[in-house]
Structure formats: C-alpha cells, structure tokens
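# Chain and residue survey
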Amino acid sequence: MIPIPPFPSPSAYLFQTKKLFLHGNISDCNVESRFSSEKEKEFKSLFAGIISSEDFDDTSADKTLFEKLILAPFPVLQKIHKKFHEHQFQTQIIKNERKIWVVKDEWRIFLKAYDRLVSRHLNSWLVDQYGIKCCPYCNENFVFNRGDKASAQLDHFFPKDKYPLFAVSLYNLVPACPACNHIKRESMLGVSPHDNKRDFDQMRISYTPKVSSWMLDHHTLDVIFRFGSSGEDREFEQDMKKNIACLKLEPAYQNHRDYVQEIVNKAFWYNDAATEAFRNSLPGVFGSEGEMLRMVFGNYAEPKDFLKRPLSKLTRDLLLELGVLNMTKKRQGDT
Ligand SMILES: [Zn+2]
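What counts and how
Residues numbered from 1 in each chain as written. Predicted model: local features only at pLDDT ≥ 70, side-chain atom pairs only at ≥ 80, totals over all residues. Helix = DSSP H or I, 4+ residues; strand = E, 2+ residues; numbered from the N terminus. Buried ≥ 20, exposed ≤ 12 C-beta atoms within 10 Å, placed from the backbone. Axes fitted to C-alpha atoms, helices over the stretch in contact; angles between N-to-C directions. Left-handed = near helix turned anticlockwise from the far one by under 90°. Contact = placed C-beta atoms within 7 Å. Nonpolar A, V, L, I, M, F, W, Y, C, P; charged D, E, K, R; others polar. Domains from an automatic or database assignment. Core = buried A, V, L, I, M, F, W, Y, C linked by C-beta atoms within 7 Å. Arc of directions from axis to C-beta.

### Structural notes on the overall build of the chain
Scanning the chain for helices and strands turns up 15 helices and 6 strands. Seen along its three principal axes, the alpha-carbon backbone of the chain occupies a region of about 70 × 40 × 35 Å. Looking at the 335 residues of the chain, the share that counts as buried comes to 30%.

### A word on the packing of helix α1 (residues 10-21) against helix α6 (residues 109-119)
Their axes nearest at 9 Å, the elements α1 and α6 cross at an angle of 115°. When you trace α1 past α6, the crossing you get is right-handed. Contact residues: α1 offers Q16, T17, L20 and F21, while α6 offers A113, R116 and L117. Residues belonging to the contact of α1 with α6 are distributed by class as follows: 4 nonpolar, 2 polar and 1 charged.

### A few points about the domain arrangement of the chain
Entries for the chain in the domain assignment read domain 1 (10-184) and domain 2 (200-334). Between domain 1 and domain 2, the residue contacts involve 13 residues of the former and 13 residues of the latter. Here the side of domain 1 that touches domain 2 is built from residues that sort into 8 nonpolar, 2 polar and 3 charged.

### Quick look at the nonpolar core
Counting 70 residues, the largest nonpolar core has C135 and Y137 as its most contacted members. Per-domain counts for this core show at least three residues from each of domain 1 (10-184) and domain 2 (200-334). Excluding anything up to four places from it in sequence, Y137 contacts M1, V174, A176, C180, P193 and L247.

### Quick word on α6
Within the sequence span of α6, burial applies to F110, A113, Y114 and L117. Taken end-on, α6 shows its buried residues confined to a sector of 100°, consistent with a single buried face. In this structure, the buried side of α6 is in contact with α1 and α7 (122-130). H121 occupies a position one or two residues after α6 and carries a positive phi of about 65°.

### Focus on the environment of L46
Of note, L46 is situated in helix α3 (residues 40-47). For L46, a count of 18 C-beta atoms within 10 Å puts it in the partly exposed group. C-alpha of L46 to C-alpha of F7: the two residues are 39 residues apart in sequence and 27 Å apart in space. In this structure L46 touches E106 and W107, once residues within four positions along its chain are discounted.

### Comments concerning unusual backbone geometry
Positive phi values are uncommon outside glycine, yet H121 reaches one of about 65°. Take H121: it is sitting in the loop between α6 and α7. Here H121 falls in the partly exposed class, since 15 other C-beta atoms lie within 10 Å of it. Unusually for a residue other than glycine, K248 sits at a positive phi of about 55°. Tracing the backbone through its elements, the reader meets K248 in the loop between α9 (234-246) and α10 (249-254).

Quick look at the structure:
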C-alpha cells in the first residue's frame, strides 16, 4: 500500500463534476452561475438532517456543502461515513435481485454523475494528473495510460453502491490496477492510500527462509508483511492486515520470491570495495550513490518514487533490512 500525493488540480475536478450534474451541453462560462442557481437548493434538501457544515474541517463560508463534499480530504469522508453508521441512516434496497443497504436512495444521482465522468475518461485524467505509474494498492502492476486508453480502473474506497453520496468525491477514488479493483469489489478495506494521517512505513515487506539452503532455491523462502515490534500503532496494523487479506497480497507477493532472492544476492556483494571498483571501471557512468544503487538493484528506493515503478516498496524495505541503504547514506556523507 502506497500513499497517493494530494491531487494537483482540485478546482478543475470540481468544475468538471459540476458540469456533469447540470446535464446537457452547456458552455464552460455558464457552469458556475447555473450551478448555484439551479442546484444549490436541490443539494441542500438532499443533505438535510444528515450532512452539515460542521462535518467539514474547511469552515470557509464561500464554499457550498456540495463543493466541500466533492473535495473533502479522506479523514473527513471517514468521519461522515462513521456518522452514517452511528445514526443508522441506511435503508435497504434491491439491486440485481440482491438486497443492499444504502445510506439514502435519492443520493443515487451521484452514481449517474460518476458514470458520466468515467465515460469522459476520468480514470486516465486522474492518472495523468497524479503522475502515477503503478497501483497504490499492490505496487505490483502498472496503471499508466496507453495513448487515449486507460489501464487504471477507479476503485471507490467506500463502495459506491452502498455509499452513493461519495461516488464522485475525489478522495474516495483510487486509480487501481484491474486485479486489485476486481478482487476488492465492494469490500471495505482498512486503510486508504488517500489517508495522509497514517504512517505507511510501519508496514514493511520482508522474507523468511524456510530452510538453511534457501539461497539455492527461491521456492524455499516466504515473502511476508511485518509491522513494528514496539506496537506503536496497533490500529494501523489491524487495518493494514485487513487490506493485505482482502486484496490477497500475501499470495500475490509469493510470486516475487525470485526477485527477493536476487536483491539479497546483490546486497551480499554490494559493499564499499565493489562500488569503488564499479566507479573506477566505469568512470562518469554513475552520477551519484543513488544512481548506482538504482542501476544495480533495478528500482527506485525512495518513498517519494514508490508510484513510479512496481515493487519499489519491496525493494526499499529489503535494502533497509539488509543494511544497504544505511551503507549508501554513510558513503554519501563521507564524500
Ligand atoms: Zn493493484
């Protein structure tokens, strides 16, 4: 699980959302005026008794409840979600012969707006704007666009059938790979990649050898997910374990045993003498310690780059555990 950076153009997203709620082809310059005159009353009555301005951290009077809801940070969506359950606002409806609970059936107009946004390539636009290349749920598959075709799907952290009110809220949408989106379906995860209040580094990917000769056969090691032994944040651990189980990340990562074995192998000989020999034999090729590290281990090793390439979190966690990153930092300090 990799955190997603804040969205760089929230006002552009809000504008597109408003335009689609107005139905029909209207010119860009009419959106704001028509939205305030036609839609505000409608949304006020939809939210009445359930959502109020006190629910939002953003207390500015120049934003409407609708605008606050569309751009609400993830922790605010979480707070409103909790309120739904505490006050038992749900009602039961029948969909495709299944009984499901929704918060309010009238809020299903948000689903129509979502469908229109997707038909206008919302998923590829979000991936472009965020500048991400791989799935934040698994860090295993690429999600970049192929020309005008998207490979990312949009997961609703709070499932849209059950919580239609959050169907177009920006921070309920996670650009995910088709495998993660398909496996998760309408399940609830414990941690959202939009939850910037969490310390994601508390979860590390590691390995356990099953036999002493495991370096000869990568099938004899297990890839594992582990958490801090001091137990600083048990809630995060429980929530993240829910993600790992729901998205089937443990079986998924067993497919990377050979990758783990290669990293451990390289780390074994990646010492001061070897890097010095590298530098001397290939003068001018490596601009920095970081560049040499990336060329040798074939991946990014800084958390800010995790969404650029699959398995970068696994690579960094292994390099930390094996002492390679500390050694590299020390060398950088010495030069
Ligand atoms: Zn994925």
